[in-house]
Amino acid sequence: MPKLPDARGHFGPYGGRYVAETLMPALIELEQVYRTCRRDPTFHRELRALQREYVGRPTPLTFAANLTRKLGGAKIYLKREDLCHTGAHKINNTIGQALLARRMGKSRLIAETGAGQHGVATATVAALFGFDCEVFMGSDDVVRQAPNVFRMRLLGAKLREVTSGTRTLKDAMNEALRDWITHVATTFYVIGTVAGPHPYPMLVRDFQAVIGREVRRQIARQEGRLPDYLVACVGGGSNAMGLFTAFLTDPAVRMIGVEAGGLGEGHNAASISGGSVGVLHGSKSYILQDETGQIRDTYSLAPGLDYPGVGPELSYLHDQRRVTYVTIADEQAVAGVKLLAETEGIIPALESAHAVAYAAILAPRLQPEQVIVLNLSGRGDKDLSVVARHMGLDEQSAGV
Amino acid sequence: MTRIPATFAALRSRSEAALIPYITAGDPTLEVTFHLVRELARQGADLIELGVPFSDPMADGPANQRAAERALQSGTSLARVLELIQRVRPLVSVPLILFSYYNPIFRYGGERFARDARQVGVDGLVCVDLPPEEADELKRETDRQDIDFIFLLAPTTSVSRARMILKRARGFVYYVAVTGVTGVRANLPTELDDMVRRIRAISPVPVGVGFGISSPAQAAQVGRIADAVIVGSAISHVIETYAQQPDLVAQVGAFVGDLKRAIREGATHSLSPLAEVVPKTQT
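Since the model is a prediction, treat every value here as computed from it, not as a measurement.

Chemist: For the overall build of chain A, give the residues involved together with the corresponding values.
Modeler: A count of helices and strands for chain A gives 17 helices and 14 strands. On C-alpha atoms alone, chain A measures out to a radius of gyration of 19 Å, which is about the 21 Å that the 2.2 N^0.38 rule sets for 400 residues. For chain A, the C-alpha atoms occupy an extent of roughly 55 × 45 × 45 Å along the three principal directions. The burial tally for chain A puts 66% of its 400 residues in the buried class. Contacts in chain A between residues at least 24 apart in sequence constitute 73% of all its contacts with a sequence separation of at least 6. Accessible surface for chain A amounts to roughly 13700 Å². Of this, 51% is attributable to carbon and sulfur atoms.

Chemist: Give a description of the pattern of salt bridges that names residues and reports values.
Modeler: Going through the model one piece at a time under the given rule, you end up with 52 salt bridges over all chains. Here Arg38(A) ties to Asp206(A) by a salt bridge, and the two come within 2.6 Å at their closest N and O atoms. Here the residue Arg38(A) occupies a position in helix H1 (residues 24-38), and Asp206(A) occupies one in helix H9 (residues 200-208), the gap between them amounting to 168 residues. Its relative accessible area of 29% is what places Arg38(A) among the partly exposed residues. Arg70(B) is paired through a salt bridge with Glu240(B); the nearest N and O atoms lie 2.9 Å apart. Here Arg70(B) is found in helix H3 (residues 62-73), whereas its partner Glu240(B) is found in helix H11 (residues 233-242), with 170 residues between them in sequence. For Arg70(B), a relative accessible area of 19% puts it in the buried group.

Chemist: Now, about empty space enclosed by the protein: what can you tell me, with residues and values included?
Modeler: Residue and element names in this part refer to chain A. Counting across every chain of the model gives ten cavities of 30 Å³ or more. Estimated volume of the largest cavity: approximately 350 Å³. Contributing to the lining of the largest cavity are 30 residues, with His89, Lys90, Gly304, Leu305 and Glu351 lying nearest its centre. Elements supplying a minimum of two residues to the lining of the largest cavity: strand E5 (108-113), helix H5 (117-129), helix H8 (169-182), helix H11 (238-244) and helix H15 (350-362). When grouped by side-chain class, the residues that make up the lining of the largest cavity number nine nonpolar, 17 polar and four charged. Taken domain by domain, the lining of the largest cavity gets at least three of its residues from each of domain 1 (18-51 + 90-204) and domain 2 (56-87 + 209-398). Considered as a void within the structure, the second largest cavity measures approximately 150 Å³ in volume.

Chemist: Describe in detail the pairing of strand E9 (residues 229-233) of chain A, supporting the description with residues and values.
Modeler: All names here are of chain A. Most of E9 is tucked away: five of the five residues are buried. In the sheet, E9 pairs with strand E10 (residues 254-262) via five bridges, with the strands oriented parallel. The residue of E10 that forms the bridge with Leu230 is Met255. Handedness of the crossover joining E9 and E10 through H11 is recorded here as right-handed. In terms of strand pairing, E9 meets strand E14 (residues 371-376) through three bridges, oriented parallel. Each residue of the ladder has a partner; that of Tyr229, found in E14, is Ile372.

Chemist: Outline unusual backbone geometry, supporting the account with residue identities and numerical values.
Modeler: His198(A) connects to Pro199(A) through a cis peptide bond whose omega is 15°. Note that Pro199(A) resides in the loop between strand E8 (187-189) and H9. Cis rather than trans, the peptide bond between Asp27(B) and Pro28(B) has omega equal to 0°. Along the polypeptide, Pro28(B) turns up in the loop between strand E1 (18-24) and helix H2 (30-42). The residue Arg321(A) is not glycine, and still its phi comes out positive at about 60°. On the secondary structure map, Arg321(A) appears in the loop between helix H13 (312-319) and strand E13 (323-329).

Chemist: Tell me about the domain arrangement of chain A, and name the residues and values.
Modeler: Residues and elements named next belong to chain A. Taken as a whole, chain A is organised into domain 1 (18-51 + 90-204) and domain 2 (56-87 + 209-398). Distance between the C-alpha centres of domain 1 and domain 2: 22 Å. Counting each side, the surface lost to burial between domain 1 and domain 2 is near 2600 Å², with a carbon and sulfur contribution of 58%. Among the residues of domain 1 in contact with domain 2, Tyr18, Gln51 and Arg144 are the three that bury the most area, contributing 24% of the side total.

Quick notes on the rules
Residues numbered from 1 in each chain as written. Chains lettered and ligands numbered in written order. Predicted model: local features only at pLDDT ≥ 70, side-chain atom pairs only at ≥ 80, totals over all residues. Heavy atoms only, no water. Helix = DSSP H or I, 4+ residues; strand = E, 2+ residues; numbered from the N terminus. Rg over C-alpha atoms; globule rule 2.2 N^0.38 Å. Buried < 20%, exposed > 50% of the residue type's maximum accessible area, 1.4 Å probe, protein only. Contact = heavy atoms within 4.5 Å. Areas by Shrake-Rupley, 256 points an atom, 1.4 Å probe, with all protein chains shown as cover. Salt bridge = Lys/Arg side-chain N within 4 Å of Asp/Glu carboxyl O. 1 Å grid on protein atoms, 1.4 Å probe; cavity = no way out; pocket = protein on both sides within 12 Å on 5 of 7 lines; lining within 4 Å. Points joined across faces, edges and corners; volume = space filled by probe spheres on them. Nonpolar A, V, L, I, M, F, W, Y, C, P; charged D, E, K, R; others polar. Domains from an automatic or database assignment. Pairing = 2+ DSSP bridges. Right-handed = clockwise from strand over helix to strand, strands pointing away. Buried area = accessible area lost by both parts, 1.4 Å probe.

Pasting the structure below:
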């Protein structure tokens, strides 16, 4: 497989830079700075030190013995990104981008967030490095992810509630882009996923790829072989690319991206399974749109997956048939939360629970000697009230 | 010569800057847009920019965002905007320019878009999220149909990058006056006249200036330094204010008439010190 993206930020027909001219010079500068840092051992030393001493890497690869026994099939391993500082994989990326922002002399970070995990991870590095920080979040998500809203405030970030459009992640990203267009000289836009204009899909992937590199070493030690399947949820796709990248050239390793099936036809956020090619938020990829090119409303119980686009490299890997995409509905994801909580004593984020739910379907179909690695991208504390409500409990009787 | 260069040539011979009003097609309905286009032309618009509404207009401020929402609410799509142009084209002589985000055009199909746009009489295209690095495919189609592909320059664009863009320019070049999104501003940047002068010095095509220009005084100020003055959000505000009123078209017309008069009268309308220091020259 060729080294992607190409010089202009394309993954086959996808990716690129579809932005207002005002942002083009900033993107070109960011790309140059990043390419310099990528070759700079000092940058990598500092990044590794932060990953180890601040994020808590390497995260464990946990053999889910009870879950494996219960499902009766392939061995299931959990890559424990939920144990990263701040409770999700998002900080792998924000640490890296904060180092870039500092090198570029920026004083202010902005970010979009859906589930609030990327917002918290950005607010965290802003506090650590001494940046001002503003986080854009759709007003619907502010309500459903209240614990993360307070965490961001506690970390000193300013919350910008977005009331335009569908009041979710895509509108938060629109507003963050508008803010960046306006304050591009002083501000670094910390994009939270492998989407957006070049070089973001490349650099976010590179910062998240530590996940898969660790898995390679860990599974070799624990099983003495490569996994048969990698399973990760896909919203924008950063935890999936993080897990997949280190294995792309191993044809024996099959990769499954689990998209949000929501409530079914017309009420989901499955950009690849149910979308078509288009341009949104600066890159060409599969998106959810109507026949006239307007972006469709999306729906998922998991705010981190509730987005009408997906990273361009994931679209490319779909066309190459390197990654297979499936969908998991809200209902199944909530069952996935309960399943992992009860068998392994781990409460996953609703987003990650989509991957759990698919692994529960896949494992029984496989042989006991086969191995599945599932990316447990985040912990579920933020979702307790949503899950309680979904299980028919009011928040008081659930005690949340 | 296509309509756009012919229009600029005629204006240059009168030492007059062009006024380019922007309205979102379908705001509040396409029927109103039909009447607005004719009224704008009557009130002295030299070219007219018609916005194709998009659900996620990332370069637009609140006024044009709401205009796009109203237009989408009334069922506007790129195909219906082209139908509207077909109806109104025989009734006005000014160049008509589409202002769009890329996705509606990509979805429609670049080749089909250029062919259909040519057929209904579109003269130019501004595609706000399609920088030259990504524009080749669509521009090949619009070039073939003799539709002017209008590039944008911003305050953040370096001189070397501006040269690269201007090499590809057709029709005119759209200079974004402010580092920001569309919307009304109380004051224009102090360095604006300097920037515009520098671009005009190296540009093979006329230079239009837009983003943030909202009052007759500002229009006059920009009219003295640029080849064209583009006013959008301020008109969207007027449309929003009178959307439910029977005199909507007349109110928008009156405002655009004021803008054009201010540009024609030049110095007398401006309170800006620019009036004294910038001679009214045309290159």
